[in-house]
Amino acid sequence: MGKTSNTGSKSAKQKMWGGRFSAAPGELMQAINVSIGFDQRMADQDIRGSIAHAAMLAQQGIITQQDHDAIKAGLLAIKAEIAEGVFPFSDELEDIHLNIEGRLRENIGEAAGRLHTGRSRNDQVATDFRLWVRDYLDHFDAQLSDLMQALLGKAGENTETIMPGFTHLQNAQPVTFGHHMLAYLEMFARDRSRFQDCRKRMNESPLGAAALAGTPYPIDRDMTAKALDFDCPMANSLDAVSARDFALEALSCATICATHLSRLSEEIVIWTSAQFQFIKLSDAFTTGSSIMPQKRNPDAAELVRAKVGRIMGALTSLTIVMKGLPLAYSKDMQEDKEPVFDGFDALSLGLAAMAGMVRDMRPNKDRLAESAGAAYSTATDLADWLVRELGMPFRNAHHVTGTIVALAEGQGLTLDALALTDMQTVEPRITDDVYSVLSPLASASSRTSYGGTAPSEVAKQVARWEELLK
Ligand code: ARG
């Protein structure tokens, strides 16, 4: 609804703002303010934080042991209610923090009011959100490990499976399917270490920063940090309640990881096409067309390919929410959670689907080998042979090879099928030893430099990863 006109009577204005916006100011405030619809996902973290805080208050003599015991029991009862799906979430109570505190008051009475001593919702939400993100990073770590295992399995079965390697999506040189799988394994390993780095940097506790300036109560921030498995308390209370760079960093890591998923997805889409037929996916990860019975669409791969849009969208949203915010807490920051929830859920689903597809895919070895030999993919090997065996300068060898490729092309033959006598018309010193490098398998097998595609090298990398992922 547009605010196009401020002319007319009051009643006309009321009409213009009618419909969905007819609510009274109090209701509008609630509608814009309420976050329980999404921040209830942090219930577990909120309860953990409160239990740690209450234990510290009791140890410091700020609340009695008796109040502590009642608070702790009450919080555990709430945790159970939430797990059973019977907790009465209420919009009137705005967010997860007030919902839980309100319920605690219903359950244990006055002692509930002592829980919030030396704390504010500002450090509380910062703590909850950090714990939530950290929990999810641990989940990503396990998922990435699983995906790496899946890729490693496929690589191990295919150290000698020859396929075309591409540059510009044009046949370049033969590689092995295992080598290709390991390329992705390396990428996901870096994603994993990026998340681990991010986790290290974010693992400091905001709890006890209170509203923004700290608190006069004799709290022990080291104790709550330790109880929540943080490395230490954050050293500046203003920073503690204002910082969301941990979420931005996690979303940045997620975005990079999603680009890797997207690239592999794209390959799966290409590889399953009728033109390529490099791999087969089972019905578990494909769908049929409603009108074209012959079709088997790689929907899962396409959806994983697209997820990066959402995830980078989340990073963009949160970056823009945070830019220009003055210290310390502003309510803008309540808008931090939904993008992170959505972006992380998207990545998690993408990682799970990809691990499933990798385990499911069956390389079509005949087709891969045939395609590997197409388009004169071993021309470089011929040139290298001329350099090595005949001492030809590489530039000359390149020229001779070009002439031989043209000859083969004229006869409609692959290089390894061209007659020696034909090659000798171009360069008489060529011997039949040349055939030892002209097949795709020979070509790939010769690339034994560290990190190269030779089956022997790929097998070494498989062994290395098996050791690392044990
Ligand atoms: N629901 C709020 C959030 O997510 C909690 C913090 C509220 N703090 C405040 N000063 N109003 O940001």
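Rules of the game
Residues numbered from 1 in each chain as written. Predicted model: local features only at pLDDT ≥ 70, side-chain atom pairs only at ≥ 80, totals over all residues. Heavy atoms only, no water. Helix = DSSP H or I, 4+ residues; strand = E, 2+ residues; numbered from the N terminus. Buried < 20%, exposed > 50% of the residue type's maximum accessible area, 1.4 Å probe, protein only. Contact = heavy atoms within 4.5 Å. Areas by Shrake-Rupley, 256 points an atom, 1.4 Å probe, with all protein chains shown as cover. Lys, Arg positive; Asp, Glu negative; His and termini not counted. Charge placed at Lys NZ, Arg CZ, Asp CG, Glu CD. Pairing = 2+ DSSP bridges. Phe/Tyr/Trp six-rings, centres within 6.5 Å; stacked < 30°, edge-to-face > 60°. Lys NZ or Arg CZ within 6 Å of the ring centre and 35° of its normal. Salt bridge = Lys/Arg side-chain N within 4 Å of Asp/Glu carboxyl O. Patch = residues over 30% accessible without salt bridge, like charges linked within 9 Å, V, L, I, M, F, W, Y side chains within 5 Å. Disulfide = S-S within 2.5 Å. Near = heavy atom within 4 Å. Polar contact = N/O pair within 3.5 Å; in protein donor to acceptor, adjacent residues only side chain to side chain.

Engineer: Sorry if this is basic, but what is going on with the overall build of the chain here?
Structural biologist: The number of helices and strands found in the chain is 20 helices and 6 strands. Sorting the 470 residues of the chain into buried and exposed places 47% on the buried side. Within the chain, contacts between residues at least 6 apart in sequence are counted, and of these 74% link residues at least 24 apart. As presented, the chain carries roughly 22600 Å² of accessible surface, and 53% of it is formed by carbon and sulfur atoms. Here the chain holds 47 positive side-chain charges and 60 negative ones, and the gap between their average locations is 4 Å.

Engineer: I tried to follow the side chain of Ser120 on my own but got confused; where do I start?
Structural biologist: With respect to the element layout, Ser120 can be found in the loop between helix H6 (96-108) and helix H7 (121-157). On the accessibility criterion, Ser120 (12% relative accessible area) is buried. Other than its neighbours up to four places away in sequence, Ser120 contacts Ala210 and Ala211.

Engineer: Help me understand the environment of Ala235, please; the structure alone is not making it clear to me.
Structural biologist: The topology assignment puts Ala235 in the loop between strand S4 (232-233) and helix H10 (237-242). Looking at Ala235, the relative accessible area reads 84%, which means it is exposed.

Engineer: It is not clear to me how the environment of Asp197 should be interpreted in this structure. Could you clarify?
Structural biologist: Here Asp197 shows up in helix H8 (residues 177-202). Given a relative accessible area of 38%, Asp197 falls into the partly exposed group. Linking Asp197 and Pro339, residues 142 residues apart in sequence, is a C-alpha distance of 21 Å.

Engineer: Just checking my understanding: could you explain the pairing of strand S2 (residues 170-176) for this structure?
Structural biologist: A regular strand carries its side chains on alternate faces of the sheet. Where strand S1 (residues 162-167) and S2 come together, 6 bridges link them in antiparallel fashion. Within S2, the position partnered with Ile162 by the bridge is Thr176. Once S1 ends, the chain turns through 2 residues before running back antiparallel as S2, passing His168 with a positive phi of about 60°.

Engineer: Explain the packing of aromatic side chains here, please?
Structural biologist: For any pair of aromatic rings, geometry is given as the distance between the ring centres together with the angle between the planes. Applying the stated criterion across every chain yields a total of 13 aromatic pairs. When the centroid spacing of 6.2 Å and the interplanar angle of 55° are considered together, the rings of Phe166 and Phe276 count as tilted. One end of the pair, Phe166, is in strand S1; the other, Phe276, is in the loop between helix H11 (245-271) and strand S5 (279-280), with 110 residues separating them in the sequence. By the ring-pair criterion, three or more aromatic residues cluster together here, those being Trp132, Tyr136, Phe140, Phe195, Phe341 and Phe344. Above the plane of the ring of Phe230 lies Arg134, whose end atom (NZ or CZ) is 4.9 Å from the centre. One cation-aromatic arrangement involves Lys337 over Phe129; the distance from NZ or CZ to the ring centre is 5.8 Å.

Engineer: Would you mind going over the pattern of salt bridges with me for this structure?
Structural biologist: It is possible for side chains of opposite charge to pair when their charged atoms get near one another. Under the criterion given, the structure shown has 31 salt bridges. Measuring nitrogen to oxygen at the nearest pair gives 2.7 Å for the salt bridge that ties Arg199 to Asp138. Taken together, the residues span a long stretch of sequence, with Arg199 in helix H8 and Asp138 in helix H7 at a distance of 61 residues. When salt bridges that share partners are traced, they join Asp44, Arg48, Lys79 and Asp135 into one network.

Engineer: Help me understand unusual backbone geometry in this model?
Structural biologist: Working note: non-glycine residues mostly have negative phi, and peptide bonds are mostly trans. With an omega dihedral of 0°, the bond running from Leu327 to Ala328 counts as a cis peptide bond. Counting through the fold element by element, Ala328 comes out in the loop between helix H12 (299-322) and helix H13 (337-360). The backbone of Leu169 shows a phi angle near 55°, a positive value even though the residue is not glycine. Residue placement: Leu169 occurs in the loop between S1 and S2. The backbone of Gln277 shows a phi angle near 50°, a positive value even though the residue is not glycine. With respect to the secondary-structure elements, Gln277 resides in the loop between H11 and S5. By relative accessible area, which is 40% here, Gln277 ends up partly exposed.

Engineer: Which parts of the structure should I look at to understand a nonpolar patch on the surface?
Structural biologist: Together, Leu212, Leu238 and Leu327 line one region of the surface with nonpolar side chains, adding up to about 270 Å² of accessible area. Relative to the assigned elements, Leu327 resides in the loop between H12 and H13.

Engineer: Mind showing me how you'd approach the state of the cysteines here?
Structural biologist: Where two cysteines share a covalent bond between their sulfur atoms, that bond is called a disulfide. Summed over all chains, the structure comprises 0 disulfides. Summary of cysteine pairing: Cys232 is not part of a disulfide, and the nearest cysteine sulfur, belonging to Cys198, is at 15 Å. For Cys232, a relative accessible area of 27% corresponds to the partly exposed category.

Engineer: Whenever I open this one, the site of the ligand confuses me. Can you help?
Structural biologist: The ligand sits among Ser35, Asp95, His97, Arg121, Asn122, Val125, Tyr329, Gln334 and Lys337. Taking Asp95, its side chain carries an N or O atom lying 2.9 Å from a nitrogen atom of the ligand. Asn122 places a side-chain nitrogen or oxygen 2.9 Å from a nitrogen atom of the ligand. Considering the ligand on its own, with 340 Å² of exposed area, one finds that the protein chains cover 85% of that surface. Considering every element that reaches the shell around the ligand, the biggest residue donor is H7, with 3 residues.

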